[in-house]
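As a plain string of letters, each chain reads:
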Amino acid sequence: MPTSLTRAESTTAAAGRGGKSRTGRGGRWYVPYLFILPAFLVYAAFMLYPLGRAAHLSLFDWDGLTLATFVGLENYTDIFSDDRLRAAFVHALVFIFFYAVLPVCLGLVLAAVLTRAKVHGLSVFRTIVFLPQVIAMVVVAVAWRQIYAPDGTLNTFLRFVGLEALTRPWLGDYTFSLPAVGLIGTWVSTGLVTVLLLAGMARIPVEQFESARLDGAGAVREFFAIIVPSVRAEITVALTLTIVASLKTFDLIYVTTSGGPGSSTTVPSYEVYRRAFELGEVGSAAAVGVTLTVLIFAITAVVNRIGERNP
């Protein structure tokens, strides 16, 4: 009996020591943060500091050379009072349709057809549709500028099929220049979206489609009842990437139209460049950049919030 008590006491003491040891290790709450500290310092140096510096500059009237004058929120109020700046943000929202909404719709249909039809050579097709993401946007812009030229490929084709009345200088037309540039974004984004959705649809169990067919569901019902809910996460990722691309596009506008004709295709990122380097309004450019950053963050946060909800 004494021996068993001694063993019980020793076991209890060992457990107590183990508990204290585990508590001691758990008490060092700062250890995980030490591992992410180097990455955070790099992030702060190259992202947070420039963003904070831009926010600071946006409060001044500065041409980049002389002494700056503090103007408070005046540069931000100009965004709402300046017709050109208001138009730039409206154009950016229009680009969301061409860069994000339209490619996601096209990508869903295209990926669903390729997945359900069991197309041979699918890996080759994925490579082909993804090529616009590999080509530099400047090269894409130059190529499409040639297509849209008055004597370019598009107008030549329209004349060939007897639709000469539809020919026009697409990038110089006040009505069609914005949709023309937007369709370039659609062409670039559709491949990325399709590849993302193909990866998501490959994970859908075949048994779900077989069960749907036994219940009498057709292709359209399968699409909305099985495919779309199953790739909800991929749709969210695709929308996030394409929306960010649409709102921060610069090189495409700079090479194709330079914001013209007039201001019919100008966007916030191009206005940042124009005001900072052409007009010498660094404070105003910084205010546009900060506003654009907040807009991107707000829209992507809403998209991810909606995407995380359970269907």
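Reference entry: report on the structure contained in this document. (Residues numbered from 1 in each chain as written. Predicted model: local features only at pLDDT ≥ 70, side-chain atom pairs only at ≥ 80, totals over all residues. Heavy atoms only, no water.)

Brief notes about the overall build of the protein chain
A tally of regular secondary structure across the protein chain gives 14 helices and 2 strands. The buried share of the protein chain, taken over its 311 residues, is 35%. Partitioning the intrachain contacts of the protein chain with sequence separation of at least 6 by distance along the chain shows that 68% fall at a separation of at least 24. Here the protein chain displays about 18,400 Å² of accessible surface, and carbon together with sulfur accounts for 69% of that area. Across the protein chain, the 24 positively charged side chains and the 20 negatively charged ones have centroids separated by 15 Å. (Helix = DSSP H or I, 4+ residues; strand = E, 2+ residues; numbered from the N terminus. Buried < 20%, exposed > 50% of the residue type's maximum accessible area, 1.4 Å probe, protein only. Contact = heavy atoms within 4.5 Å. Areas by Shrake-Rupley, 256 points an atom, 1.4 Å probe, with all protein chains shown as cover. Lys, Arg positive; Asp, Glu negative; His and termini not counted. Charge placed at Lys NZ, Arg CZ, Asp CG, Glu CD.)

Considering the pattern of salt bridges
Within this structure, the stated rule accounts for 9 salt bridges. Here Asp82 ties to Arg275 by a salt bridge, and the two come within 3.4 Å at their closest N and O atoms. With a gap of 193 residues between them, Asp82 in the loop between helix 3 (74–81) and helix 4 (83–116) and Arg275 in helix 13 (residues 268–278) connect regions that are remote in the sequence. By relative accessible area, Asp82 is classed as partly exposed at 25%. The closest approach of N and O atoms between Arg275 and Glu271, which form a salt bridge, is 3.3 Å. Of this pair, Arg275 and Glu271 are both found in helix 13, 4 residues apart, which corresponds to roughly one turn of the helix. The buried category is assigned to Glu271, whose relative accessible area is 0%. (Salt bridge = Lys/Arg side-chain N within 4 Å of Asp/Glu carboxyl O.)

A word on the nonpolar core
Core analysis: the biggest nonpolar cluster contains 19 residues, and Phe95, Tyr148, Val181, Ile184, Leu252 and Ile253 have the highest contact counts within it. Contributions of two or more residues to this core are made by helix 4, helix 6 (137–148), helix 8 (177–201) and helix 12 (251–256). With 5 residues, the single largest contributor to this core is helix 8. Leaving out residues up to four positions away in the same chain, Leu252 has contacts with Tyr99, Met137, Ala141, Val181, Ile184 and Gly185. Ala111, Leu197, Met201 and Phe209 belong to the second largest nonpolar core, which has 18 residues in total. (Core = buried A, V, L, I, M, F, W, Y, C linked by side-chain atoms within 4.5 Å.)

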